[in-house]
Structures are given as C-alpha cells and as structure tokens.
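The lines below spell out each chain.
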Amino acid sequence: MRVLLFGSSGFIGGHVRAALTADDRVGDLICPGRDRHDLIAGDVTELAELLRAERPDTVVSCVGALGGSGEDLVRANTLVAAKLLEAAAEAVPFARLVRLGSAGEYGVVPHGQAVGEDARTEPVGAYGVSHVAGTRLFTLSGLDAVSVRVFNPIGAGQPAENVLGRAAQRIREALADGSTEITLGPLGAYRDFVDVQDIASLLRAVVTEPRLRSRVYNAGSGRAVTVRAAVGLLAERAGWKGAVREAGTGPQRSAAVDWIQADISRARDELGWKPQHDLETSIANIWAGAPG
C-alpha cells in the first residue's frame, strides 16, 4: 500500500505517521512538507501533479486550522477538502481520501447523550461550519472519501492551543517562578478527551481496511469528563498544589457547547477499533511530553 500523508509534522499528523510507519501493510509512506506542496495555499493543478507523480493508494490529510478568521477556517478546513477531491478525481480517482473532521460539527448535544455519526450537524461557530462543509463535500463526492471526526485530542506533544496544553504550559511556568495560582478560561464544560495515539490507530484502521462501510467515523474515548477534572489530574501529575482561577470566556469554536461525548460504536463494530489509553495515562503523557 502506498500512502501520501499531509500534515505529518503536526500534533495528530506526527502520531499518524508513526502508526502508519509501524504497519507492515503500508509499503511506502510519502510525507511531503509545505516546501513541496502547501495544501492550504497551493492550487489544484499543483496538487494534481503531485498526486499523479506519486500515484498513492490513499491520501491522508491532517492539515487544518483551529482558530483564525472565518476566512482562515474555511480556507484550511473546507477548501482543502474541496481541492483534495478535485485533484484526486483528476489524477488518482481510485485512491481513498481521508481527512480529519471535528466534533465541532455536531454543535450543541443534549447533556448525557453520546452523539453518533448520523446525528444532526448544527455547528455553533465558523470552526464547526468549516469542518461540516468539508465532511459534506467528502460524503457527496462519489469518491472513496472518509472523514474522521476528532473529539478532544490529548497526549504527548500537546500544543498550547488546546486547553490542557495551555494548562500544562502555565503549570510549568508556575513551578519555575514559584507562583501559587494560574488562570484559565471556564472549565465546567464536559469534553470527550481522546488520546492522540488512539486517533492515530483509528486513522490507520481507516487507511488499511479494504472496504469501508461508512464515510464518517467518530474518534473519541466514549467518555465525557469536565475540563476542570482533567486540569485537576494534570496538576496532580505535575505535583503542583496551587489554585486554578477561571476567568474570561472559552474558545469561540466550542464555548456554547457544555457537553460532548462520542458514540464510538461504529468504529468498534466496523473496524474493530477501540481506545487503548485512559485519561490518566494520556495526561501523564502530556506532562512527560513523550509517547507512552
């Protein structure tokens, strides 16, 4: 199997690269950097030329944006999907296309309910809209195109643009300067934190499955906990006993959503996949900064 992976230097993409490299079914793994082709800034003609030259069996995109203007989000999350479909239809119509979507596509979910892939998608902001549009393009394309909706990814290499990454950064700073208090945004919302290595294993299953039965899969843990509880576990792991103040507002992409939990039964039933890392292990990996 010949796989072309975009975004292999990112948080999720780096773990996907490791998972695919370790799989004997993947014979060739090509990971073009932005110097060869920038999926966000590049055009369809250049992308088609790359696909025609490499002739991949599968193209995986771990490229996207979490923040920025509405235009930035549409360019990174929607137009990338559109360009992949157009270029692949021209150059490698036989190839499977895999993109990362987001739990933000669902919008507000009733408290206590696990959300499945066939639930209504009613995103509450530009981020979710940009992703649901990309997923919709994939599902309507007529190609072998799949979106994996990622919930709240955590683990080794956690970036500071995610809440637990910010918390880890501020706790490290507090330990270094002797501070007894850190400040974060509101922490009362429930989130489904899923280890980045489990996301990578699901992507590997999607890549290597000969015939997929669905076009959308949830990548979550199947468990919702408050962000406050997760930050508490991180502080405990770090050995920091200071106070955590909550002030301001949360990220625009998810501030209106106070509960999200993935129904992961489709990936389990169709791909034999299930998460292997519990929350405590994932948080330990955030603090250690290395895979567990």
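Predicted model, so just to flag it, every value in this text is computed and none were measured.

1. Here we look at the side chain of aspartate 23
Part 1: Along the chain, aspartate 23 turns up in the loop between α1 (11–21) and β2 (28–30).
Part 2: Engagement of the side chain of aspartate 23 in a polar contact is seen with the side chain of arginine 25, the distance being 2.7 Å.
Part 3: If we ignore the near neighbours within four places in the chain, the residues touching aspartate 23 are Arg204 and Thr208.

2. Quick look at the nonpolar core
Soluble globular proteins tend to bury their nonpolar side chains together.
Part 1: By size, the foremost hydrophobic cluster in this structure holds 41 residues, and its most contacted members are Ile12, Val16, Val60, Leu202, Leu203, Val206 and Leu271.
Part 2: Counting residues per element, the ones that place at least two in this core are β1 (2–6), α1, β4 (96–102), β5 (144–150), α6 (196–208), β10 (216–219) and α8 (265–271).
Part 3: Looking at this core, the element that brings in the most residues is α6, giving eight residues.
Part 4: In this structure leucine 203 touches Val16, Val60, Val98, Leu100 and Val148, once residues within four positions along its chain are discounted.

3. Quick word on the pattern of salt bridges
Part 1: Within this structure, the stated rule accounts for 17 salt bridges.
Part 2: In this structure, arginine 2 engages glutamate 54 in a salt bridge whose closest nitrogen and oxygen atoms are separated by 2.6 Å. Placement of arginine 2 in strand β1 and of glutamate 54 in helix α2 (residues 44–54) is noted, with a sequence separation of 52 residues between them.
Part 3: Across the salt bridge formed by glutamate 122 and arginine 120, the nearest N and O atoms sit 2.8 Å from each other.
Part 4: Residue class for glutamate 122 comes out partly exposed when judged on its relative accessible area of 43%.
Part 5: Here the salt bridges share partners, and the residues they tie into one network are Arg2, Asp28, Arg36 and Glu54.

Quick notes on the rules
- Residues numbered from 1 in each chain as written.
- Predicted model: local features only at pLDDT ≥ 70, side-chain atom pairs only at ≥ 80, totals over all residues.
- Heavy atoms only, no water.
- Helix = DSSP H or I, 4+ residues; strand = E, 2+ residues; numbered from the N terminus.
- Polar contact = N/O pair within 3.5 Å; in protein donor to acceptor, adjacent residues only side chain to side chain.
- Contact = heavy atoms within 4.5 Å.
- Core = buried A, V, L, I, M, F, W, Y, C linked by side-chain atoms within 4.5 Å.
- Buried < 20%, exposed > 50% of the residue type's maximum accessible area, 1.4 Å probe, protein only.
- Salt bridge = Lys/Arg side-chain N within 4 Å of Asp/Glu carboxyl O.

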